[in-house]
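Architecture and fold: a report
Here is what each chain is made of, one letter per residue.
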Amino acid sequence: GHSTEIPTGTSVYYIILMQILTGTPKWVFALFVALLWLGMQQMLPRKIGLNRATLAPVAMTLLSLYGVTSAFGDLPLALLGWLGGAAAAFTASLQQPTSSAIRYDATNRRFHLPGSIVPLTLFMGIFFTKYAVGVSLNMQPALAREIGFALPIGTLYGAFSGVLLARTARLWRIALQQAHALQAI
């Protein structure tokens, strides 16, 4: 027969962790690997078009927004936290200088981007926030109605999104400046 005995001395934290991991749907692990791969790709210098440079940040922003609405749909204040976090992080990030290593070829409409760990960090931040919130709500469903839980989580999701969107906006700004300069010739 199959034994489900827990070895003596096994930590209660280990047991809980194993229950959480075995209860996690397989697609979540696939999503983790995909986001890890996507983020790691962005650590390398690369050439990409503007549409492709926009796709991942927009998709991650939608995942972040879904994280708030799916967990805290009954608390509009959580969405307000998302908007506030996104606006604050977007504004602060937009003020950051753009790397001088970023080049845009307006003729071929392609960016030459240096590698950066920032996208990987943001992707993992959104993923692990969504995962931790899912586990927390599974263990304590009442948290979904707790503004003291929902508001900071919504704000955190928003901050991740704001940074991603500001990075994309800076690329668009470079592309539009280059296109305008090309037309002026």
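You'll find the structure just up there.
Residues numbered from 1 in each chain as written. Predicted model: local features only at pLDDT ≥ 70, side-chain atom pairs only at ≥ 80, totals over all residues. Heavy atoms only, no water.

Helix and strand counts for the protein chain stand at 6 helices and 3 strands. Overall, the protein chain shows an N-to-C arrangement of helices and strands of α-α-β-α-α-β-β-α-α. For the protein chain, whose C-alpha radius of gyration is 20 Å, the value lies well above the compact-globule estimate of 16 Å for 185 residues. Counting only C-alpha atoms, the protein chain reaches 80 × 40 × 25 Å along its principal axes. Within the protein chain, contacts between residues separated by at least 24 positions form 82% of all contacts whose residues are at least 6 apart in sequence. If you sum the accessible surface of the protein chain, you get close to 11400 Å²; carbon and sulfur atoms cover 67% of it. (Helix = DSSP H or I, 4+ residues; strand = E, 2+ residues; numbered from the N terminus. Rg over C-alpha atoms; globule rule 2.2 N^0.38 Å. Contact = heavy atoms within 4.5 Å. Areas by Shrake-Rupley, 256 points an atom, 1.4 Å probe, with all protein chains shown as cover.)

Taken together, the side chains of Leu77, Leu79, Leu80, Leu83, Ile147 and Leu151 present a nonpolar region at the surface, about 480 Å² in accessible area. At the level of secondary structure, the elements contributing two or more residues to the nonpolar patch comprise α4 (76-94) and α6 (147-184). Inspection of the secondary structure assignment puts Leu80 in helix α4. (Patch = residues over 30% accessible without salt bridge, like charges linked within 9 Å, V, L, I, M, F, W, Y side chains within 5 Å. Salt bridge = Lys/Arg side-chain N within 4 Å of Asp/Glu carboxyl O.)

On the basis of which strands lie adjacent, the open sheet formed by 3 strands has the order β1-β3-β2 and antiparallel pairing. A strand with exactly one partner marks an edge of an open sheet, and here the two such strands are β1 (46-49) and β2 (103-105). For this sheet, the mean angle separating the axes of adjacent strands, direction not counted, is 25°. Note: β2 against strand β3 (residues 110-113), 3 bridges, orientation antiparallel. Bridge pairing links Tyr104 to Phe111 in β3. Its contacts with the sheet put helix α3 (residues 50-72) on β1 and β3, and the angle it makes with β1 is roughly 90°. (Pairing = 2+ DSSP bridges. Axes fitted to C-alpha atoms, helices over the stretch in contact; angles between N-to-C directions.)

Our next topic: the pairing of β3. Alternating positions in β3 separate cleanly, Phe111 and Leu113 being buried on one face and Arg110 and His112 remaining unburied on the opposite face. Bridge analysis of β1 against β3 gives 4 bridges, and the strand direction is antiparallel. Residue pairing across strands places Arg46 opposite Leu113, the latter belonging to β3. (Buried < 20%, exposed > 50% of the residue type's maximum accessible area, 1.4 Å probe, protein only.)

A few words on the packing of α3 against α6. The N-to-C vectors of α3 and α6 enclose an angle of 165°; their axes lie 9 Å apart at closest approach. Regarding the angle of α3 to α6, the classification is roughly antiparallel. Pair α3 / α6 crosses with left-handed handedness. Looking at the contact of α3 with α6 residue by residue, the class counts come to 15 nonpolar, 8 polar and no charged. (Parallel < 35°, antiparallel > 145°, perpendicular 65-115°, else oblique. Left-handed = near helix turned anticlockwise from the far one by under 90°. Nonpolar A, V, L, I, M, F, W, Y, C, P; charged D, E, K, R; others polar.)

So, about the side chain of Thr168. Mapped onto the elements, Thr168 comes out in helix α6. With relative accessibility at 7%, the residue Thr168 sits in the buried group. Once residues within four sequence positions are removed from consideration, Thr168 is found in contact with Ala53, Thr54 and Pro57.

Right, let's talk about the environment of Phe90 for a bit. Among the secondary structure elements, Phe90 is positioned in helix α4. Classification of Phe90 by relative accessible area gives partly exposed; the value is 27%. Sequence separation between Phe90 and Arg110 is 20 residues, and the spatial gap between their C-alpha atoms is 24 Å. The residues touching Phe90, leaving out its near neighbours within four places in the chain, are Gly162, Leu165, Ala166 and Ala169.

A separate point is the packing of aromatic side chains. Throughout the structure, instances matching the rule amount to 6 aromatic pairs. Here the aromatic rings of Tyr104 and Phe111 are separated by 4.5 Å at their centres, their planes lie at 45°, and the arrangement is tilted. The pair formed by Tyr104 and Phe111 is uniform in burial state, with each residue classed as buried. Here the aromatic cluster, defined as three or more aromatic residues joined through ring pairs, consists of Phe32, Phe127, Phe128 and Tyr131. (Phe/Tyr/Trp six-rings, centres within 6.5 Å; stacked < 30°, edge-to-face > 60°.)

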